[in-house]
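# Overview (structure and organization)
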Amino acid sequence: MADESRDDPVRLIHQIANRNREAFARFYDRFAPLAFTLAVRILRDRAAAEDLLQETFFQLWNQAANYSQERGSPEAWIITITRSRAIDKLRSIRRRDKSFISMEGPPGKQYDGKVEGSATASDARIIVNSALAQLAESQRKVLELAYFEGLTQSEIAAKLKEPLGTVKTRMRAALERLRGLLGAKAGGEAS
Amino acid sequence: MNHDEWLERADIYALGALEGEELARFEAHLASGCAQCKEYLLETHETLTSLPRSLAPIEPPSAMKAKLLRQIGAVAKAPVLDRRRVRWLWWGMGVGAVAAASLLLVLSWNLIATRNQLRDLQAQVATLQTQVSQREELIQFLSDPQVRLVNLAGLPPSPAARGQLLWNSLSRTGLLLVTGLPQVPADKAYELWGIAGAEPVPAGVFRVNERGQVLFRLPALPEAKIFDKFAVTLEPASGVPKPTGTMFLLGSL
């Protein structure tokens, strides 16, 4: 029990706010693989994802004092920071390239974000993939395009050649279904 | 607007897909302090946090953790002060100022002594750097298979003197190490000669240090000459085109 309390993410963040490097190391061990996986998926570039991971955890070290449980779980916090940074970077690359080729192109072989079951996946992965598998393909698609590709609702509508209203409805329906299947905390503490 | 419509936007907002005027209006609504939307958004973020777990996990590079710990280690050295600590700090600074004034005199004295020591150490470092660079030059020279060693023996004016010439016949350059030569007056210097048959060719002027030693780098010598001997004579400080003085060292290739 003592060890569980020692590795409690909220406790770790408070310790990090007090400049505890050991707590930072433990927090990193626990959440860096998930944050890195997400960064690689969004950016499709391992080197860029490494830079992003470093920036994200450095931000965590500097801003841990700003964290409060009212802002969500530590996992949601670090994942939200990672995703926001990754999407910002992705959008700036797209603006620079003045092209949507990167989003139109086929997903990377190794980092394919499509949901699927796997015999080797962790319990959490199986749970989340099972939930996603219960969504309609069209719902899953809008979720992926928004969450992993960083597309706005009108960009998704343009890409899928669907009316904006339809895209909005699908996004809402997808999230509502997921909330029902996973609950707010599902997958969060499983590892 | 019906509040359910705000919640509909909250979903799209949580996905980061809201844009333009809709985004601005929703953010204004949030800023107005809508607790229901805030709570709803928190729950939605928690649900979305599950999505990365659907991916095949990729481990970050093993060096990343150490890199970050080094990075935050550098930052951690700057302490964060709270108010209570700051108040005590002022007291401490008052007492410390008196002590510091007393210490200042002692430290000033020590500083002068330290500066002298530093100057001595800098001189030692300079000497060592010279020695190291000379050794590096030697090693580099010796690693060339074209290099031949010519031993130069001391002649009657200074029989204990010795010279080793590392001669590269291809690049026409060489390094001469000399020990045991007497120091000479300011208007004199030693001159090295490459001897091709009976013709001596000037190969540079040098002086020795107080221990009679020198490591001398030869200038590039004429390619047409095939040297079979090398010699050192004592000559005027500016050097001469043909030897005029006493020979101190002589060796054959």
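Quick caveat: nothing in here was measured; it's all calculated off a predicted structure. (Residues numbered from 1 in each chain as written. Chains lettered and ligands numbered in written order. Predicted model: local features only at pLDDT ≥ 70, side-chain atom pairs only at ≥ 80, totals over all residues.)

## What about the overall build of chain B?
The number of helices and strands found in chain B is 5 helices and 8 strands. Order of helices (α) and strands (β) in chain B, N terminus to C terminus: α-α-α-α-α-β-β-β-β-β-β-β-β. Every one of the 253 residues in chain B was classed for burial, and the buried ones make up 21%. Looking at chain B alone, contacts between residues at least 24 apart form 56% of all its contacts between residues at least 6 apart. (Helix = DSSP H or I, 4+ residues; strand = E, 2+ residues; numbered from the N terminus. Buried ≥ 20, exposed ≤ 12 C-beta atoms within 10 Å, placed from the backbone. Contact = placed C-beta atoms within 7 Å.)

## Thoughts on the overall build of chain A
Helix and strand counts for chain A come out as 10 helices and 0 strands. Order of helices (α) and strands (β) in chain A, N terminus to C terminus: α-α-α-α-α-α-α-α-α-α. By residue count, 39% of the 191 residues in chain A fall in the buried class. Partitioning the intrachain contacts of chain A with sequence separation of at least 6 by distance along the chain shows that 61% fall at a separation of at least 24.

## Some words on helix 1 (residues 3–14) of chain B
Across its 12 residues, helix 1 of chain B extends 17 Å between first and last C-alpha, which sits within 8% of the 16 Å expected from 1.5 Å per residue. For helix 1 of chain B, the full list of buried residues reads B:Arg9, B:Ala10, B:Asp11, B:Ile12, B:Tyr13 and B:Ala14. Contacts made by the buried residues of helix 1 of chain B are with helix 9 (153–160) and helix 10 (164–182) of chain A together with helix 2 (20–31) and helix 3 (35–48) of chain B. Directly beyond the C-terminal end of helix 1 of chain B, a positive phi value near 75 degrees is found at B:Gly16. (Expected span 1.5 Å × (residues − 1).)

## Describing the confidence of the model for chain B
Residues and elements named next belong to chain B. For chain B, per-residue confidence averages 84 on the pLDDT scale, and residues scoring 70 or more make up 87% of the total. When pLDDT is averaged over each helix and strand of chain B, the minimum, 70, is found for helix 5 (residues 83–142) and the maximum, 95, for strand 8 (residues 247–252). Quick note on the complex model: pTM equals 0.56, ipTM equals 0.83. (pLDDT = per-residue confidence, 0-100.)

## Description of the environment of A:Leu151
In this fold, A:Leu151 is placed in the loop between helix 8 (137–147) and helix 9. Here the alpha-carbon distance between A:Leu151 and A:Leu90, two residues 61 residues apart in the chain, equals 9.9 Å.

## Regarding the interface of chain B and chain A
The interface is formed by 37 residues belonging to chain B together with 53 residues belonging to chain A. Looking at the side of chain B that touches chain A, the elements that each hand over two or more residues are helix 1, helix 3 and helix 4 (63–76) of chain B. Tallying contributions element by element places helix 4 of chain B first for the side of chain B that touches chain A, with 9 residues. Tallied by class, residues from the side of chain B that touches chain A come to 19 nonpolar, 9 polar and 9 charged. (Nonpolar A, V, L, I, M, F, W, Y, C, P; charged D, E, K, R; others polar.)

## Let's talk about the nonpolar core
A:Ile16, A:Ala35, A:Ala39, A:Ala146 and A:Met171 are the most contacted members of the largest nonpolar core, which totals 61 residues. Here the element with the most residues in this core is helix 3 (residues 21–43) of chain A; it accounts for 14 residues. If you look at the next biggest cluster of nonpolar residues, it comprises 21 residues, including B:Leu165, B:Leu176, B:Val178 and B:Phe248. (Core = buried A, V, L, I, M, F, W, Y, C linked by C-beta atoms within 7 Å.)

## A short note on the packing of helix 3 of chain A against helix 4 (residues 46–63) of chain A
All names here are of chain A. Remark: helix 3 packs on helix 4, axes separated minimally by 9 Å, with the N-to-C direction vectors making an angle of 140 degrees. Between helix 3 and helix 4, the angle is such that the two are oblique. Remark: the crossing between helix 3 and helix 4 carries right-handed chirality. Mapping the contact onto sequence places Phe24, Tyr28, Ala32, Ala35, Phe36, Ala39, Val40 and Leu43 in helix 3 and Arg46, Ala48, Ala49, Leu52, Leu53, Thr56, Phe57 and Trp61 in helix 4. Tallied by class, the residues present in the contact of helix 3 with helix 4 amount to 14 nonpolar, 1 polar and 1 charged. (Axes fitted to C-alpha atoms, helices over the stretch in contact; angles between N-to-C directions. Parallel < 35°, antiparallel > 145°, perpendicular 65-115°, else oblique. Left-handed = near helix turned anticlockwise from the far one by under 90°.)

## Some remarks on the sheet that holds strand 6 (residues 214–217) of chain B
All names here are of chain B. In space, the 8 strands of this open sheet follow the order 5-4-7-8-1-2-3-6, with antiparallel pairing throughout. Both outer strands of the open sheet, strand 5 (199–206) and strand 6, are each paired with one neighbouring strand and no more. Going across the sheet, the axis of each strand differs from the next one's by a mean of 25 degrees, ignoring polarity. Direction of pairing for strand 3 (residues 173–179) relative to strand 6: antiparallel, over a ladder of 4 bridges. When the sheet's bridge partners are listed, Val178 is paired in strand 6 with Val214. (Pairing = 2+ DSSP bridges.)

## What to know about the environment of B:Thr244
Residues and elements named next belong to chain B. Secondary-structure assignment places Thr244 in the loop between strand 7 (229–236) and strand 8. What makes Thr244 exposed here is the crowd of 11 C-beta atoms within 10 Å. When the C-alpha positions of Thr244 and Leu234 are compared, they lie 8.0 Å apart, and in sequence the two are 10 residues distant.

## Let's talk about the pairing of strand 3 of chain B
All names here are of chain B. Taken together, the 7 bridges between strand 2 (residues 162–168) and strand 3 define a ladder with antiparallel strand orientation. Within strand 3, the position partnered with Leu165 by the bridge is Leu176. Counted along the chain from strand 2 to the antiparallel partner strand 3, the turn is 4 residues long, and its residue Arg172 has a positive phi close to 60 degrees.

## Re the packing of helix 1 of chain B against helix 2 of chain B
All names here are of chain B. One way to put it is that helix 1 packs onto helix 2 with a least axis distance of 11 Å and a crossing angle of 110 degrees. Between helix 1 and helix 2, the angle falls in the class roughly perpendicular. Relative to helix 2, helix 1 is oriented so that their crossing is left-handed. Across the interface between the two elements, Trp6, Arg9 and Tyr13 from helix 1 touch Glu22, Phe26 and His29 from helix 2. Split by residue class, the contact of helix 1 with helix 2 holds 3 nonpolar, 1 polar and 2 charged.

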